[in-house]
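Residue-level listing of the chains:
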Amino acid sequence: MAEVAARELPESIKPPDLIQGGEDFTSITNTVARVAEYKPPKGWYIAFGIAVSVLGVLLAMLGYLFWKGVGIWGNNQPVAWGWPIVNFVFWVGIGHAGTLISAVLFLFRQQWRTSINRFAEAMTIFAVMCAGLFPAIHVGRPWLAYWLFPIPNQMRMWPNFRSPLLWDVFAVSTYATVSLLFWYMGMVPDLATLRDRATKKLPRLLYGVFALGWTGSNRAWHRFERAYLLLAALATPLVLSVHSVVSFDFAVAQLPGWHTTIFPPYFVAGAIFSGFAMVITLMVPARQFFGLKNLVTMRHLENMCKVIMATGMMVGYAYGVEFFIAWYSGNKYEGFVFINRALGNYAWAYWTMVTCNVLLPQVFWFRKMRRNLVVMFVIAAFVNVGMWFERFVITVTSTSRDFLPSSWHYFTPTLFDAVILLGSFGLFFTFFLLFCRFLPTVAMAEVKTVLPEAHPGHHHQPAEVER
Amino acid sequence: MSAEPRLYGVLAEFEDVDSLVAAARKVREAGYTRFDAHTPFPVHGLDDAMGVQPTILPWIVLLCGLIGLGGGFLLQWWTNAVDYPFVISGKPLFGLPGAVPVAYELTILLASFGAFFGMLALNGLPKWYHPLFRVARFSRATSDRFYLVIQGSDPFFSPATPEWLASLGASAVETVPEPDEPDTPPRWFKGLTWIVTSLALLPPAMIAKARFSEMQHPRVHLVKNMDFQKKFKAQQASPLFADGRAMRPDPAGTVARGDLDPTSTLATGRNPDGSYATAYPLAVDQALIERGRERFAIYCATCHGLDGRGDSMVARRALLRQGQQGTNWVPPADLTGEAVAAQPPGRIFETISRGRNTMPGYSQQIRPRDRWAIALYLEALRQAQAGLDAPGDKDNQEEAGR
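Since this is a predicted model, take the numbers as computed values, not measurements. (Residues numbered from 1 in each chain as written. Chains lettered and ligands numbered in written order. Predicted model: local features only at pLDDT ≥ 70, side-chain atom pairs only at ≥ 80, totals over all residues. Heavy atoms only, no water.)

What follows concerns the overall build of chain A. Within chain A, the regular secondary structure consists of 17 helices and zero strands. The C-alpha atoms of chain A give a radius of gyration of 23 Å, which matches the 23 Å a tight globule of 467 residues would have. Seen along its three principal axes, the alpha-carbon backbone of chain A occupies a region of about 75 × 55 × 45 Å. Evaluated residue by residue, chain A yields a buried proportion of 59% over its 467 residues. Counted over contacts in chain A with a minimum sequence separation of 6, partners at least 24 positions apart contribute 80%. Accessible area for chain A stands at about 18,700 Å²; split by element, carbon and sulfur atoms hold 69% of it. Chain A carries 35 positive and 23 negative side-chain charges, and their two centres are separated by 7 Å. (Helix = DSSP H or I, 4+ residues; strand = E, 2+ residues; numbered from the N terminus. Rg over C-alpha atoms; globule rule 2.2 N^0.38 Å. Buried < 20%, exposed > 50% of the residue type's maximum accessible area, 1.4 Å probe, protein only. Contact = heavy atoms within 4.5 Å. Areas by Shrake-Rupley, 256 points an atom, 1.4 Å probe, with all protein chains shown as cover. Lys, Arg positive; Asp, Glu negative; His and termini not counted. Charge placed at Lys NZ, Arg CZ, Asp CG, Glu CD.)

Structure, rendered in structure tokens:
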């Protein structure tokens, strides 16, 4: 209905079209498919070279880790969960924006999502891959990590379903699977486009296999759209549950600073926050490189900046409430933990987190800043850093000052911790760059539906009233 | 091979959405049933024009979701409460709230499978081949053109159909032959598929084998660092200590377990003739009573209460839960009452050492000397309380007056 009202508004304040530069069906296909069909710009090769090298370092480190054991990390009593768990939560959080953009915004009929959803979904998949890596290598004997799943075995034992850590296994693996299905299913029609345009034999075969024989039949579209809607409706509660369950890993433990009921919503808000920041970090350079400026417009970026600011303030609110409850509960231990967080050994980490997550995004109050590519890129990078620190603060401050003062300990990471975190970025970017190179980075079929001429009788009605 | 190729159908191309929707409506109104539109994106209003019935997919998804939900609860209940029950952190073997997260995730997982695979199955996908793939112009169906196809097998189909279709605003009309031989995947591709499928079957086969066989040898350890640990074992040399031995001698005065004469009165509470000791086998003094008070507060008061009357937190809590989950709680005895008062110290000692009825023994935690001290303290406690309860006692009268 807002759109109906918009029609009567003067031209100057009407929201701009979602797609700009006079694109039509043909040009959208060309713009997007060309990325996958022609040799990428030189920058891609350089970036890919770096990413693959870093991935190589990661693999070498993992080999050493398997050989030597988790003792190469800084983890020890009382901080038994060090960087690996911090990194896990960090990456899972990033993985939330993709499904949120695709599913939640889809259900709310936010059509601006069509230009960025494929991109964000791909980011989700690769981020969840990185996330899944960390608990798997954190179990100490990664080759036995399959014990986490209820697989019949010769020991006749079953995993303990009463532990939040097992819930986590189910939540994260369900999330990875459903995100993959969602991403892939949305991509099938676009893969068919690439198949039909392919001139060489091998690409035609490979795109053809993954396009599953899609012909664009309307009877198929009918079921496809239904399936897409249902998947979106399923993915939405899923996305909310995943980070809630991740937060249970902490909240169900009876450790001051962890044992709080605000954790699930606080974690979910943080996840959306960090995910959107990551989308901006990736999107700003990618649209530049691949010439997608007409599809991913300033309006898209501006909307994302707004989401970042809003979720940043939610996270800030959660930081505040934690302190309030620590005081209000009258619990000495809880109170100590929070005073220690802000003023103790790790105060530097705490204030880094507050600065990056709460203070810096405030610049997005200004329209000028929301529309400045450099500013948004820099702020998004800071948010990524800040959100990593948030997980660090939660995980490490509470455990390093546990109930028994004689075992208090200042956690120091080792070089291996740092290199493996860095390496996970190699993993992420390798896959991401391959995605940008070979797959449709923008959901062509969906973008076409937001063009006015995609709707029968469009001369009588503006596009957005339909649907 | 027949001379005249069989007809798959007739294909009409449209430039824009409006003419497509209008044409689709006319085709349906003309009575055709085996026809379809092919478009690069879902065109709204086309379902209505074509008379496409709502799909049953939502029901499939619902069914799968319910299977996930029920299966999730069943899985957790059966594995943790039936097949392999073990108590952890005092939690019940199966509790509904704790089972929700996993059942919730499995609901979504299975429902999503239902949506994805259900959609594919209903659409007859994946499909290697379609006659339309041989039509050159059809490659724009996934980009920027719109097509209507009426199949030759439609009962209404007649030789005039193509011409009629052209009159509906199509920019081009073409008949599509049914090829004699459909395209098939290249051989190497088929081979690859076979190899991948067989490899994918390996893990389940290994699981099945593991489940139904017994291992004769310990698991092979790829990384041996647990088998050969850096630590000192008995009889090894160690540079850490002056005497060069890894094993440390006992501290002076240590009595090994069982070294105490197990038949002495001090150790059993009984006289050589088997009767309970009526006197204490060690010197009775104020210090021993104090020691007994301290040990009693540590080891006994949790159940019997500081005043020995059995009204402790543990007892109260146990009474509250009496009867729940099959509990049958015997309250701790009143240590100041007649029954215990009548017992000789040797018998109290034996109760502490070996336990009695439902009370556990404490010989592992409390040294013999301290057990005697507790027995002595009990006697002192009883006497002190008897004095307190004596008629005319000031504190007691206040108590009664309240």
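Once the structure has been displayed, the description carries forward.
Within chain B, the regular secondary structure consists of 14 helices and four strands. The C-alpha atoms of chain B give 44 Å as radius of gyration, which overshoots the globular expectation for 402 residues (21 Å, by more than 25%). A total of 402 residues make up chain B; the buried ones form 34% of that total. Considering only intrachain contacts with a sequence separation of at least 6, the fraction spanning at least 24 residues in chain B is 68%. Of the roughly 24,800 Å² that chain B leaves accessible, carbon and sulfur atoms contribute 60%. Of the charged side chains in chain B, 40 are positive and 41 negative, and the gap between their average positions amounts to 8 Å.

The omega torsion across Gln77 of chain A and Pro78 of chain A is 0°, close enough to zero to call that bond cis. Among the structural elements, Pro78 of chain A can be located in the loop between helix H3 (42-68) and helix H4 (83-94). Across the junction of Leu125 of chain B and Pro126 of chain B, the peptide omega takes the value -5°, indicating a cis bond. Its location among the elements puts Pro126 of chain B in the loop between helix H4 (96-122) and strand E3 (146-151).

The next point concerns the interface of chain B and chain A. Contacts between the two partners involve 80 residues from chain B, matched on the other side by 73 residues from chain A. Taking both partners together, chain B and chain A bury about 7,000 Å²; carbon and sulfur atoms supply 64% of that area. Between chain B and chain A we count 31 residue pairs in polar contact (both at pLDDT 80 or more) in total. Per-element tally for the side of chain B that touches chain A: the top contributor is H4 of chain B, with 16 residues. In the side of chain B that touches chain A, the residues fall into 52 nonpolar, 18 polar and 10 charged. (Buried area = accessible area lost by both parts, 1.4 Å probe. Polar contact = N/O pair within 3.5 Å; in protein donor to acceptor, adjacent residues only side chain to side chain. Nonpolar A, V, L, I, M, F, W, Y, C, P; charged D, E, K, R; others polar.)

A word on empty space enclosed by the protein. Residue and element names in this part refer to chain A. Here the structure, examined in full by the defined rule, presents three cavities of 30 Å³ or more. Quantified by volume, the largest cavity comes out at close to 160 Å³. Secondary-structure elements contributing two or more residues to the lining of the largest cavity are helix H7 (164-197), helix H9 (218-251) and helix H17 (444-449). When its residues are assigned to classes, the lining of the largest cavity shows eight nonpolar, two polar and five charged. (1 Å grid on protein atoms, 1.4 Å probe; cavity = no way out; pocket = protein on both sides within 12 Å on 5 of 7 lines; lining within 4 Å. Points joined across faces, edges and corners; volume = space filled by probe spheres on them.)

This part is about the confidence of the model for chain B. Residues and elements named next belong to chain B. With 95% of its residues at a pLDDT of at least 70, chain B reaches an overall mean of 88. Low pLDDT (under 50) marks residues 396-402, which in the prediction has three contacts with non-local residues, meaning those over four places away or in another chain. Confidence estimates for the predicted assembly give a pTM of 0.77 and an ipTM of 0.90. (pLDDT = per-residue confidence, 0-100.)

What follows deals with the nonpolar core. All names here are of chain A. Core analysis: the biggest nonpolar cluster contains 193 residues, and Trp91, Phe392, Phe428 and Phe432 have the highest contact counts within it. Per-element tally for this core: the top contributor is H7, with 18 residues. Ignoring anything within four residues of it in the chain, the contact list for Trp91 reads Ala127, Cys130, Ala131, Phe134, Met278, Ser424, Phe425 and Phe428. (Core = buried A, V, L, I, M, F, W, Y, C linked by side-chain atoms within 4.5 Å.)

Here we take up the pairing of strand E2 (residues 35-38) of chain B. All names here are of chain B. Burial along E2 is two-sided: the face carrying Phe35 and Ala37 and the face carrying Asp36 and His38 are both buried. With four bridges joining them, E2 and E3 adopt antiparallel strand pairing. Bridge assignment links His38 to a residue of E3, and that residue is Tyr147. (Pairing = 2+ DSSP bridges.)

It is worth spelling out the confidence of the model for chain A at this point. Residue and element names in this part refer to chain A. Per-residue pLDDT for chain A averages 88, and the proportion of residues at 70 or more is 93%. Taking the mean pLDDT of every element in chain A, the minimum, 43, falls on helix H1 (residues 2-8) and the maximum, 95, on helix H13 (residues 347-359). Low confidence marks residues 460-467, where pLDDT is under 50. Its contacts with residues over four positions away, or in another chain, come to 18 contacts.

Turning our attention to the packing of aromatic side chains. According to the stated counting rule, one finds 68 aromatic pairs over all chains in the structure shown. Between Trp83 of chain A and Trp388 of chain A, the ring centres sit 4.9 Å apart and the planes meet at 75°, which makes this aromatic pair edge-to-face. A residue pair is termed long-range when its members are at least 10 positions apart, and Trp83 of chain A in helix H4 and Trp388 of chain A in helix H15 (residues 373-400) qualify at 305 residues. Given the relative accessible area of 9%, Trp388 of chain A is considered buried. Arranged with centres 5.1 Å apart and planes meeting at 85°, the rings of Phe106 of chain A and Tyr228 of chain A form a pair that is edge-to-face. Taken together, the residues Phe106 of chain A in helix H5 (residues 96-107) and Tyr228 of chain A in helix H9 connect sequence positions 122 residues apart. Just as Phe106 of chain A is buried, Tyr228 of chain A falls in that class too. By way of ring pairs, the aromatic residues Phe90, Trp91, Phe119, Phe126, Trp183, Phe425, Phe428, Phe429, Phe431, Phe432 and Phe435 of chain A are connected into one cluster. Sitting over the ring of Phe86 of chain B, Arg162 of chain A keeps its end group 4.9 Å from the ring centre. (Phe/Tyr/Trp six-rings, centres within 6.5 Å; stacked < 30°, edge-to-face > 60°. Lys NZ or Arg CZ within 6 Å of the ring centre and 35° of its normal.)

Residues and elements named next belong to chain B. The full count for this structure, using the stated rule, is 25 salt bridges over all chains. Taking the shortest distance from any N to any O, the salt bridge between Arg145 and Glu13 comes out at 3.7 Å. Here the residue Arg145 occupies a position in the loop between H4 and E3, and Glu13 occupies one in strand E1 (residues 7-14), the gap between them amounting to 132 residues. This pair shows no difference in class: Arg145 is buried, exactly as Glu13 is. A salt bridge links Glu174 to Arg137, with the shortest nitrogen-to-oxygen separation between them at 2.8 Å. Residue Glu174 is located in strand E4 (residues 172-177), and its partner Arg137 is located in the loop between H4 and E3; the two are separated by 37 residues in the primary sequence. (Salt bridge = Lys/Arg side-chain N within 4 Å of Asp/Glu carboxyl O.)

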